[in-house]
Amino acid sequence: MPEQQPAELISEAAIDARVRELAEQISSDYADKGDIVLVGVLKGSFIFLADLSRRLTIPRTIEFIAVSSYDSGSVSSGAVRLVMDVRGNIEGRDVLIVEDIVDTGHTLKYLIGMLESHRPASIRTCALLHKPGSAEVDVPIDYIGFGIGDEWVVGYGLDYAERDRTLPYIGMVEPDDQ
Ligand code: PRP
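In short, a report on the structure. (Residues numbered from 1 in each chain as written. Predicted model: local features only at pLDDT ≥ 70, side-chain atom pairs only at ≥ 80, totals over all residues. Heavy atoms only, no water.)

### With respect to the sheet that holds strand β1 (residues 7-10)
Sheet strands line up and pair through hydrogen bonds in the backbone, either parallel or antiparallel.
1) Next: Across the sheet, which stays open at both edges, the three strands sit in the order β1-β9-β8 with antiparallel pairing between neighbours. Of all strands in the sheet, those bounded by a partner on one side alone are β1 and β8 (152-154). Geometrically, the sheet is characterised by an average inter-axis angle of 45° between neighbouring strands, direction not taken into account.
2) Next: In terms of strand pairing, β8 meets strand β9 (residues 170-173) through three bridges, oriented antiparallel. Residue pairing for β9: V154 is matched across the bridge by G171. (Pairing = 2+ DSSP bridges. Helix = DSSP H or I, 4+ residues; strand = E, 2+ residues; numbered from the N terminus. Axes fitted to C-alpha atoms, helices over the stretch in contact; angles between N-to-C directions.)

In structure tokens, the structure reads:
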């Protein structure tokens, strides 16, 4: 029997339109700077970063960072672990952290602090999805694609237990452990 697909929360077309708007806004905001460094947070941001970066009209370079803030299930422990640091030198550069989702905020808060230690010229943050109702720490998000509710979301880079990352839309699933 074929597996049932997650119910759609945000369509592929809506994501595409919003990513274009975000790219336009970011390109305009950074127009008078040099080139920016996009720091994609693995794994979840890989598709968003790919689409966003290709729609920017300003010079940009790409870095990745990997952290782990969840185990295989869906409950945040609040503990963030650095798995891989940026490879290039970001000292004196304008950094834009690109996240797929900000949920409790622990990951982004940790990342800002961590990247600040590399002494960039500036750090801004961009998240495709934001769950304002789940915030546990105050963290600045400069660019937000969509605000969403408490649902567990998959697709467009996001997973549930490593499933559904390559779904073209944002879908909703019901985690087994909630
Ligand atoms: C997800 C997401 C963010 C983080 C947000 O990563 O990509 O990095 O959780 O949650 P928070 O705001 O509660 O800290 P996850 O640990 O699931 O790893 P993944 O990106 O590799 O799937």
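### Side note on the sheet that holds strand β5 (residues 94-102)
1) Next: Taking strand neighbours across the sheet as the criterion, the six strands line up as β4-β3-β2-β5-β6-β7 in an open arrangement whose pairing is mixed. Edge positions in the sheet fall to β4 (81-84) and β7 (143-147), since each of these pairs with one other strand and no more. Averaged over all adjacent pairs, the angle separating strand axes in this sheet is 25°, with direction ignored.
2) Next: Strand direction decides the pairing type here: strand β2 (residues 36-42) and β5, joined by five bridges, are parallel. Its bridge partner being in β5, V37 is matched across the sheet by V95.
3) Next: Sheet strands in contact with helix α2 (residues 46-55) are β2, β3 (60-68), β5 and β6 (122-130), and its direction is about 165° off that of β3.
4) Next: Strands in contact with helix α3 (residues 106-116) are β2, β3, β4, β5 and β6; relative to β5, the strand with the most contacts, it is inclined by about 165°. (Contact = heavy atoms within 4.5 Å.)

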